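What follows is each chain in one-letter form.
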Amino acid sequence: MKVLANDGVSQSGIEVLEAAGYEVITTTVAQEQLENYINKNNIDVLLVRSATTVRKNIIDNCPSLKIIGRGGVGMDNIDVDYARNKGLHVINTPAASSHSVAELVFGHFYGLARFLHNSNRDMPLEGDANFKGLKKSYAKGTELKGKTLGVLGFGRIGQATAKVALGVGMRVIAFDPFIEKADLELEFFDGQKVNFEIKTISKEEVLKQSDFLTLHVPAQKEYVIDEAEFKQMKDGVIIANAARGGVVNEVALVKAIESGKVSRAALDVFEKEPKPEIQLLMNPALSLTPHTGAATNEAQDRIGIELAEQIIKILS
């Protein structure tokens, strides 16, 4: 059995597969050459992350394929239903990267709350000549403890983010059209556990009440946050989108920042990846990362092992 990990896979995942007798190929094949490569090498399993797309042409024209695996949560780069109707197994790792994304969101929130995204750039340039000026500029930080975090999308990643917020001492409110409530268990270093029940409320109420707002929704046709949603928010709200590019109207976001409705925002995903709009890249109110939500060593280990175990179970 041959596994092509076209966007890479962790060494721990490779070791699990090789121990079970699989050949793992980590060559990165260009999208336009992928169909030919799969057929030429009789690939049984194709593993991708977000870079490679698996559309109908590959599904139809690669008869050796038995499994398509996505290292991560969202599978919008795969024609999932079509593949399954054709008899292929389509798998992903919905839980493996949840905490990594949650920590990135809070990395952004802490940075934005204390202007770290700006001061880290300004101090090397002006720290010696304008120390007092910079101190005054960045003297109006805010604490997260006691503030309200709104979570739009309360699946695995939304709940993982809520757990971090609860640990910080924030009040958590959430909206999800498919979830009425969630029981969250916080585990601490010494084995102690604390349980919280979060009942979801309306999207409108989440928007109205949130001091900080984070999105954890799948890609969809319409914006989840557009001009109408910005108007419902508190003045000075801080927003993070580490979900999917296109769930926030970026033009409306910039307008909301200019008006003061949104004080600062974090983006890990963009409508035009891999070339985000220059007005976003140059905006001092934005804290930006290049779609690295799941990019921790720990998450990649979990993803690789989870994919490997699912593949072995299916094909054994």
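Quick look at the structure, then. Remember, predicted model here, so these are calculated numbers, not experimental data.

Scoring rules and cut-offs
Residues numbered from 1 in each chain as written. Predicted model: local features only at pLDDT ≥ 70, side-chain atom pairs only at ≥ 80, totals over all residues. Heavy atoms only, no water. Pairing = 2+ DSSP bridges. Helix = DSSP H or I, 4+ residues; strand = E, 2+ residues; numbered from the N terminus. Axes fitted to C-alpha atoms, helices over the stretch in contact; angles between N-to-C directions. Contact = heavy atoms within 4.5 Å. Parallel < 35°, antiparallel > 145°, perpendicular 65-115°, else oblique. Left-handed = near helix turned anticlockwise from the far one by under 90°. Patch = residues over 30% accessible without salt bridge, like charges linked within 9 Å, V, L, I, M, F, W, Y side chains within 5 Å. Areas by Shrake-Rupley, 256 points an atom, 1.4 Å probe, with all protein chains shown as cover. Salt bridge = Lys/Arg side-chain N within 4 Å of Asp/Glu carboxyl O. Buried < 20%, exposed > 50% of the residue type's maximum accessible area, 1.4 Å probe, protein only. Right-handed = clockwise from strand over helix to strand, strands pointing away. Nonpolar A, V, L, I, M, F, W, Y, C, P; charged D, E, K, R; others polar. Polar contact = N/O pair within 3.5 Å; in protein donor to acceptor, adjacent residues only side chain to side chain. Lys, Arg positive; Asp, Glu negative; His and termini not counted. Phe/Tyr/Trp six-rings, centres within 6.5 Å; stacked < 30°, edge-to-face > 60°.

A closer look at the sheet that holds strand 4 (residues 67-70)
So, point 1. Strand order in the open sheet formed by 5 strands is 2-1-3-4-5, with parallel pairing between adjacent strands. The open sheet has two free edges, formed respectively by strand 2 (23-25) and strand 5 (89-92), since each of these has just one partner strand. Each adjacent strand pair in this sheet contributes to an overall mean axis angle of 20°, direction not counted.
So, point 2. The pairing of strand 1 (residues 2-5) with strand 3 (residues 45-48) spans 3 bridges and is classified as parallel. Its bridge partner lying in strand 3, V3 is registered against V45.
So, point 3. Sheet contacts for helix 2 (residues 34-41): strand 1, strand 2 and strand 3; angle to strand 1, the most-contacted strand, approximately 160°.

Notes on the packing of helix 5 (residues 98-113) against helix 8 (residues 156-168)
So, point 1. Between helix 5 and helix 8, the least distance of the axes is 8 Å, while the angle of their chain directions is 50°. In this view, helix 5 runs oblique relative to helix 8, as classed from their interaxial angle. Note that helix 5 runs across helix 8; the crossing there is right-handed. From helix 5, S98, H99, V101, A102, V105, F106 and Y110 reach across to helix 8, where they touch R156, I157, A160, T161, V164, A165 and V168.

Focus: a nonpolar patch on the surface
So, point 1. Where nonpolar side chains cluster on the molecular surface, the patch consists of F188, F189, V194 and F196 and spans about 430 Å² of accessible area.
So, point 2. Structurally, V194 is set in strand 9 (residues 193-199).
So, point 3. Note on V194: relative accessible area 35%, which makes it partly exposed.

What about the pairing of strand 7 (residues 171-175)?
So, point 1. Of the strand pairs in this sheet, strand 6 (residues 148-152) and strand 7 are connected by 5 bridges, and their pairing is parallel. Its bridge partner being in strand 7, T148 is matched across the sheet by R171.
So, point 2. With respect to chirality, the unit in which strand 6 leads through helix 8 into the neighbouring parallel strand 7 is right-handed.

A few points about the packing of helix 1 (residues 11-19) against helix 13 (residues 297-315)
So, point 1. At their nearest, the axes of helix 1 and helix 13 sit 7 Å apart, and the two run at 20° to each other. In this view, helix 1 runs roughly parallel relative to helix 13, as classed from their interaxial angle. The two elements helix 1 and helix 13 meet at a crossing, and its hand is right-handed. Along its contact with helix 1, which presents S12, G13, V16 and L17, the element helix 13 presents D301, G304, I305, A308, I311 and I312.
So, point 2. Split into classes, the residues belonging to the contact of helix 1 with helix 13 amount to 6 nonpolar, 3 polar and 1 charged.

A word on the pairing of strand 10 (residues 212-215)
So, point 1. Where burial is concerned, the two faces of strand 10 agree: the one with F212 and T214 and the one with L213 and L215 are both buried.
So, point 2. As paired strands, strand 6 and strand 10 are joined by 4 bridges and run parallel to one another. Following the sheet pairing, L149 is matched in strand 10 by F212.
So, point 3. Taken together, the 4 bridges between strand 10 and strand 11 (residues 237-241) define a ladder with parallel strand orientation.

Considerations on the pattern of salt bridges
So, point 1. Counted under the stated rule, the structure contains 12 salt bridges.
So, point 2. Put simply, E197 and K181 hold a salt bridge, and the shortest N to O gap is 3.3 Å. Residue E197 is found in strand 9, and its partner K181 is found in strand 8 (residues 181-187); the two are separated by 16 residues along the sequence.
So, point 3. For the salt bridge of D211 with K234, the shortest nitrogen-to-oxygen distance reads 2.8 Å. Placement of D211 in the loop between helix 9 (203-209) and strand 10 and of K234 in the loop between helix 10 (227-232) and strand 11 is noted, with a sequence separation of 23 residues between them.

Description of the side chain of S210
So, point 1. Looking at the secondary structure, you find S210 in the loop between helix 9 and strand 10.
So, point 2. Within the local environment of S210, its side chain forms a polar contact with the backbone nitrogen of G150, the two atoms lying 3.3 Å apart.
So, point 3. One polar contact links the side chain of S210 to the main-chain carbonyl oxygen of V206, over a distance of 2.6 Å.

Things to note about the side chain of R70
So, point 1. The residue R70 is located in strand 4 in this model.
So, point 2. Buried within the structure, R70 lacks any salt-bridge partner; its nearest side chain of opposite charge belongs to D76, at an N-O separation of 5.9 Å.
So, point 3. Among the polar contacts made by the side chain of R70, one reaches the main-chain carbonyl oxygen of R49 at a distance of 3.3 Å.
So, point 4. With near-sequence residues (within four places) excluded, R70 lies in contact with V48, R49, S50, M75, N77, I78, I91, N92, T93, R244 and L307.

Points about the sheet that holds strand 12 (residues 262-267)
So, point 1. Taken in spatial order, the 6 strands of this open sheet run 7-6-10-11-12-13, and their pairing is parallel. Both edges of this open sheet fall to strand 7 and strand 13 (286-288), since each of them pairs with a single strand only. With direction set aside, neighbouring strand axes in the sheet form an average angle of 15°.
So, point 2. Across the sheet, helix 11 (residues 250-259) lies against strand 12 and strand 13, angled at about 145° from strand 12, the strand it touches most.

A word on the packing of aromatic side chains
So, point 1. In total, this model carries 4 aromatic pairs according to the counting rule given.
So, point 2. Seen in terms of ring centroids, F106 and F109 are 5.5 Å apart; in terms of plane orientation they differ by 90°. Their pairing is edge-to-face. In this pair, F106 and F109 are both assigned in helix 5, 3 residues apart and thus about one turn of the helix distant.
So, point 3. Relative to Y110, the ring of F106 has its centre 6.5 Å away and its plane inclined at 55°; by these criteria the two rings are tilted. Highlighted residues: F106 and Y110, both in helix 5, separated by 4 residues, approximately one helical turn.
So, point 4. When its relative accessible area of 3% is taken as the criterion, F106 is described as buried.
So, point 5. Among the aromatic residues, those joined into a cluster by ring pairs are F106, F109, Y110 and F212.

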